[in-house]
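Here is what each chain is made of, one letter per residue.
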Amino acid sequence: MSDCVPENTHDSLLVAKEKLLQQIQTMNLFDDVFTAVIFKDEGACRHLVCELMQNPTLRLIAVRTQDDIPQLISKSPRLDIVAEDAEGTLYEIEVQRLEEPAPARRVRFYTSVMDSELLRKGVDYDKLPEVYLFYISKEDIWKKGLMKYEVRQYLLCGDEAILYDNGLHTIYVNAEIDDGTSLAKLMQYLKTAKAGDTSQGALSEYVNYLKSPEGGREVMGEFEKYFREEGRKAGVEEGRKAG
């Protein structure tokens, strides 16, 4: 029998699972499959939101992850996390894994989808909540040497510029620039997600659990489900292109 052919299917499946367990050790929060599994844990999501807002006492009353966020139109980009605090403020988070040619327009798309959902539920325009949208990227997409960029809009009245407050706060943060702040430390953690690192509270706890033999095997089905779904999507896309 050829060395390339496994002796039986059971052995080949065991080998595949062991390889996946090894692969999990190298994954970080910019890997699609790892992020998809990590963000199923509410504690990890809550920690991320509180750290991004630099407010450890922020009281979140609801957290939704990608699987639970309604998709109103067929366009593929989806937010990773949407959370709401006790005051009704929304926190929307997107972790961008691949290079995006038009990040500002992508952000525009996200906010329009979420506003449409709220209006569809009968919310009046004046009751639209404050929204903080965090766009997390691995690289400094604006190339200005900063870790954090905040968007502010102004109304020009002749020579005077008045702050234009429509309730939307857009913040870009990246893992390329380390300015030594606590937020930069969070970004560096997302880039490494090293097993044994306990610096990021509930987020670290769940990462460490997934990278342990016990945790990795327990959620193996989630990883396999993700890979199957991605394979299905790729097949559909190939079929569409082929006509």
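What counts as what
Per chain, residue numbering runs from 1 following the sequence as it is written. Local features in this predicted model are restricted to residues whose pLDDT is 70 or higher, and side-chain atom pairs enter the listing and the counts only when it is 80 or higher, whereas totals over whole chains, interfaces and linings include all residues. With hydrogens and water set aside, each side-chain value is computed from the structure's full complement of heavy atoms. Secondary structure elements are taken from DSSP: a helix is a run of H or I of four residues or more, a strand is a run of E of two residues or more, and numbering for both begins at the N terminus. Between buried and exposed lies partly exposed: a residue is buried under 20% and exposed over 50% of the maximum accessible area for its type, with that area taken using a 1.4 Å probe on protein chains only. It only takes one pair of heavy atoms within 4.5 Å for two residues to be counted as in contact. Note on geometry: axes are lines fitted to C-alpha atoms, helical ones only across the stretch in contact, with angles between N-to-C directions running from 0 to 180 degrees. Pairing of aromatic rings covers Phe, Tyr and Trp, the last through its six-membered ring, and needs centres within 6.5 Å; plane angles under 30 degrees mean stacked, over 60 mean edge-to-face, and all others mean tilted. At least two bridges found by DSSP between two strands are what make those strands a pair. What we call a nonpolar core is a set of buried Ala, Val, Leu, Ile, Met, Phe, Trp, Tyr and Cys residues that are connected through their side-chain atoms within 4.5 Å. In what follows, salt bridge is the name for a side-chain nitrogen of Lys or Arg lying within 4 Å of a carboxyl oxygen of Asp or Glu.

Asker: Please give an account of the environment of E222 that cites residues and values.
Answerer: Among the structural elements, E222 can be located in helix 8 (residues 220-242). Given a relative accessible area of 32%, E222 falls into the partly exposed group. With 189 residues separating them along the chain, E222 and V33 place their C-alpha atoms 8.8 Å apart. With residues up to four places along the chain from it excluded, the contact list for E222 reads V37 and K40.

Asker: Explain the packing of helix 3 (residues 42-52) against helix 5 (residues 182-192) to me, using residue names and the numbers behind them.
Answerer: Helix packing geometry: the angle between the two helix axes and the distance between the axes. Running from N to C, helix 3 and helix 5 point in directions that differ by 145 degrees, and their axes come no closer than 10 Å. Counted together, L48, E51 and L52 of helix 3 and L183, L186 and M187 of helix 5 form the full contact between these two elements.

Asker: Can you explain the packing of aromatic side chains? Please cite residues and give values.
Answerer: With the rule as written, the count across this model stands at five aromatic pairs. Centre to centre, the rings of Y135 and Y172 are 5.4 Å apart; their planes meet at 55 degrees, and the pair counts as tilted. Here Y172 lies in strand 8 (residues 168-174) and Y135 lies in strand 4 (residues 131-137), a separation of 37 residues in the sequence. Of the two residues, Y135 and Y172, both sit in the buried class. Plain terms: the ring middles of Y206 and Y209 are 6.1 Å apart, the flat faces sit at 25 degrees to each other, and that makes the pair stacked. Of this pair, Y206 and Y209 both sit in helix 6 (residues 201-210), separated by three residues, roughly a single helical turn.

Asker: I'd like a description of the environment of A184, backed by residues and values.
Answerer: Tracing the backbone through its elements, the reader meets A184 in helix 5. With a relative accessible area of 0%, A184 lands in the buried category. Distance in space between the C-alpha atoms of A184 and V173 is 8.6 Å, their sequence separation being 11 residues. Every residue in contact with A184, bar those within four places of it in the chain, is listed here: M147, I177, D178 and D179.

Asker: Lay out unusual backbone geometry in plain terms, naming residues and giving numbers.
Answerer: One non-glycine residue with positive phi stands out, namely Q54, at about 55 degrees. Checked against the element boundaries, Q54 lands in the loop between helix 3 and strand 1 (60-65). With a phi close to 55 degrees, K143 is a non-glycine residue in the positive phi region. Inspection of the secondary structure puts K143 in the loop between strand 4 and strand 5 (148-151).

Asker: Explain the pairing of strand 2 (residues 81-85) residue by residue, including any values.
Answerer: The buried fraction of strand 2 amounts to four of the five residues, a majority that puts the element mostly inside the structure. For strand 1 and strand 2, the ladder comprises five bridges, and the chain directions are antiparallel. Bridged to L60 within strand 2 is D85. Between the end of strand 2 and the start of strand 3 (residues 90-96), which pair antiparallel, lie four residues, with G88 showing a positive phi angle near 90 degrees.

Asker: Explain the nonpolar core residue by residue, including any values.
Answerer: For soluble globular proteins, nonpolar side chains are generally found buried alongside one another. Grouped together as the largest cluster of nonpolar side chains are 46 residues, with contacts concentrated most on F34, I38, L52, I93, I136, M187 and F223. When near neighbours in sequence (up to four residues on either side) are disregarded, I93 contacts L48, V49, L52, L79, D80, I81, F134 and I136. Counting 11 residues, the second largest nonpolar core, distinct from the first, contains L79, L133, Y149 and Y172.

Asker: I'd love a proper account of the pattern of salt bridges, names of residues and values included.
Answerer: Under the definition given, this model contains four salt bridges. With a closest N to O distance of 3.5 Å, R106 and E94 form a salt bridge. Of this pair, R106 sits in helix 4 (residues 103-120) while E94 sits in strand 3, and the two are 12 residues apart along the sequence. A residue is classified by how much of its surface remains accessible, and E94, at 3% relative accessible area, is buried.

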